[in-house]
Amino acid sequence: MRIALAQLNFVVGDFVENIRKSKEAIGLAKARGANLIVFPELSISAYPPQDFLEFDDFITQCYKAALEIATDCNGITGIVGLPSTNPKREGKNLFNSAFVLQEGKITDKVHKALLPNYDIFDEYRYFEPNRHFHCIEINNTKIALTICEDLWNIDDDPMYINCPMDELIREAPVLMINIAASPFDYSHAENRKDILIRNVKKYKIPLVYVNHVGAQTEIIFDGGSVALNANGDIVKECNYFAEELSFFDFDEKTRTLKTTETKVSDAITAPQKIERIHDALLLGIRDYFHKQGFSKAILGLSGGIDSALVTVLAVRALGSENVKVLLMPSEFSSTGSVDDSLKLVHTLGIQHELIPIAKVFDLFGETLSPQFNNLPFNVTEENIQARIRGVLLMAMSNKFGYILLNTSNKSEIAV
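The structure contained in this document is the topic of the report that follows. (Residues numbered from 1 in each chain as written. Predicted model: local features only at pLDDT ≥ 70, side-chain atom pairs only at ≥ 80, totals over all residues. Heavy atoms only, no water.)

1. Notes on the sheet that holds strand β12 (residues 226–228)
Judged by pairing direction, the sheet is mixed, and its six strands sit side by side in the order β6-β7-β8-β9-β12-β13 without closing on themselves. Strands at the two margins of the open sheet, each flanked by one partner only, are β6 (136–138) and β13 (234–237). Strand-to-strand twist across the sheet, computed as the mean angle between neighbouring axes with direction ignored, equals 20 degrees. Here three bridges tie β12 to β13, and the two strands are oriented antiparallel to one another. Looking at β13, one finds that L228 is bridged to I234. Strand contacts of helix α4 (residues 188–203): β8 (175–180), β9 (207–211), β12 and β13, with the helix running at about 155 degrees to β9, the strand carrying the most contacts. (Pairing = 2+ DSSP bridges. Helix = DSSP H or I, 4+ residues; strand = E, 2+ residues; numbered from the N terminus. Axes fitted to C-alpha atoms, helices over the stretch in contact; angles between N-to-C directions. Contact = heavy atoms within 4.5 Å.)

Now the structure itself:
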């Protein structure tokens, strides 16, 4: 059986685009002779749908999208993720589900059992946990299909009472498939692979794992989908921070997976800490702009490292033609702050405006002089300068339709 892993970047609530992207991947998979194509967790709605899940129309659109995608699943089986209705009166109204699509129809459903409620996750708020387990069959191959967290209850101090694979393995599946929306942090890739390796070694069958890639507002998914054999060997690890459609052949007799690539390159490893943070930031900036329908950014450039770094990231993510900076020196600014900023502007080939703020700052001083009563210059005046620059950036952003990229630290943003 040939399996396609569709590590794709979906958009929350954009059913037209999510359907188009799914159908395109199915067409490519069929052209490569795949029998099965597997999409990530909640691929149809994209992750995380959050309060959209409280709207009946949203759930209806997800179901209609699954039916639409199923029309292309002739001669190939598809596994897609979406929220689905709980038919029972008891419990929450929805499941986090995986639908099996065959010959134009929905032929089976699997619901997520372990619902995380920590870090970025708030699934137990919306979903009812699955309590009834069964394997699916594709081309007479028995498969244990699970969803993300369902494989993570394997620690010595488990968070959940039950373990879905302990239930599913009783039906003697020969392959595990896990569809996931596993978020990025700079050390998560190693932990994730360790969890997956522990699963294949415990249950002694191969695993195909498909993760989301892309950013949804502040949450980033780094991809890194992977296929492993029962001994823990990684057959292939997919790209990080990029979409990929990857293919594997599964031999049921030997219970092994192998890549379909004629020449296997060196195994992909997760980028090192600084590189992966860099790549995640670029993906986050690029997706935020693209998914919100924006293209141009503006920010303040001071000559310091913070604003220089954000400017370079913006250029790498959006292109130099889409980035503009404001230089806003005051009477207290060093010559280097302007000179260094101009050097970076010319190096990157970006637009800039020079707007001195000394006169505006003096007006604030005059206005507040009766209250300040000749008190010495301190952090108050420094913060007034920062607020003046913020107002000028806001004005340029509002007037010309730029998105303002912040170069401040967390405490300044909070203020």
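2. Brief notes about the state of the cysteines
Taken as a whole and judged by the stated rule, the model has zero disulfides. With no disulfide of its own, C62 lies closest to C73 among cysteine sulfurs, the gap being 16 Å. On the accessibility criterion, C62 (0% relative accessible area) is buried. Assessed through its relative accessible area of 0%, C73 is described here as buried. (Disulfide = S-S within 2.5 Å. Buried < 20%, exposed > 50% of the residue type's maximum accessible area, 1.4 Å probe, protein only.)

3. With respect to the sheet that holds strand β1 (residues 2–7)
Taken together, seven strands build an open sheet; the order of strands is β5-β4-β3-β2-β1-β14-β15 and the sheet is mixed. Two strands bound the open sheet, and with one partner strand each, they are β5 (105–111) and β15 (256–259). Averaged over all pairs of adjacent strands, the angle between their axes in this sheet comes to 30 degrees, without regard to strand direction. The pairing of β1 with strand β2 (residues 36–38) spans three bridges and is parallel. Its bridge partner being in β2, L5 is matched across the sheet by V38.

4. Brief notes about the pattern of salt bridges
Across all of its chains, the model carries 23 salt bridges by this definition. Between R125 and E54 there is a salt bridge; the shortest N-O distance is 3.8 Å. Separated by 71 residues along the polypeptide, R125 in the loop between β5 and β6 and E54 in the loop between β2 and α2 (56–70) bring together distant segments of the chain. Residue class for R125 comes out partly exposed when judged on its relative accessible area of 46%. Residue D222 is joined to R192 by a salt bridge in which the shortest nitrogen-to-oxygen separation is 3.1 Å. (Salt bridge = Lys/Arg side-chain N within 4 Å of Asp/Glu carboxyl O.)

5. Digging into helix α5 (residues 273–292)
If you check α5, its first and last C-alpha atoms are 28 Å apart, about what 20 residues at 1.5 Å a residue would give, namely 28 Å. Here the buried face of α5 lies against α4, β10 (213–216), β11 (219–222), β16 (297–300), α6 (305–318) and β19 (403–404). Where α5 terminates, the next one or two residues include G293, which has phi positive at roughly 80 degrees. (Expected span 1.5 Å × (residues − 1).)

6. Some words on the packing of helix α1 (residues 15–31) against α2
In the contact formed by α1 and α2, the axes pass within 10 Å of each other and the chain directions differ by 25 degrees. In terms of axis orientation, α1 runs roughly parallel to α2. Considering only the axes of α1 and α2, their crossing is right-handed. Taken together, the residues of α2 that come into contact with α1 (itself represented by F15, I19, S22, K23 and I26) are F58, Q61, C62, A65, E68 and I69. Within the contact of α1 with α2, the residues separate by chemical class into seven nonpolar, two polar and two charged. (Parallel < 35°, antiparallel > 145°, perpendicular 65-115°, else oblique. Left-handed = near helix turned anticlockwise from the far one by under 90°. Nonpolar A, V, L, I, M, F, W, Y, C, P; charged D, E, K, R; others polar.)

7. Remarks on the nonpolar core
Counting residues in hydrophobic clusters, the biggest one holds 45 residues, and the most contacted among them are I3, I79, L175, M176, I177 and L257. The element contributing the most residues to this core is β8, with five residues. When sequence neighbours within four positions are dropped, the list of residues in contact with L175 reads M1, I3, K142, I143, A144, I205, P206, L207, V208, F250 and L257. The next biggest cluster of nonpolar side chains, apart from the first, holds 40 residues, and it includes A46, C73, L115 and Y126. (Core = buried A, V, L, I, M, F, W, Y, C linked by side-chain atoms within 4.5 Å.)

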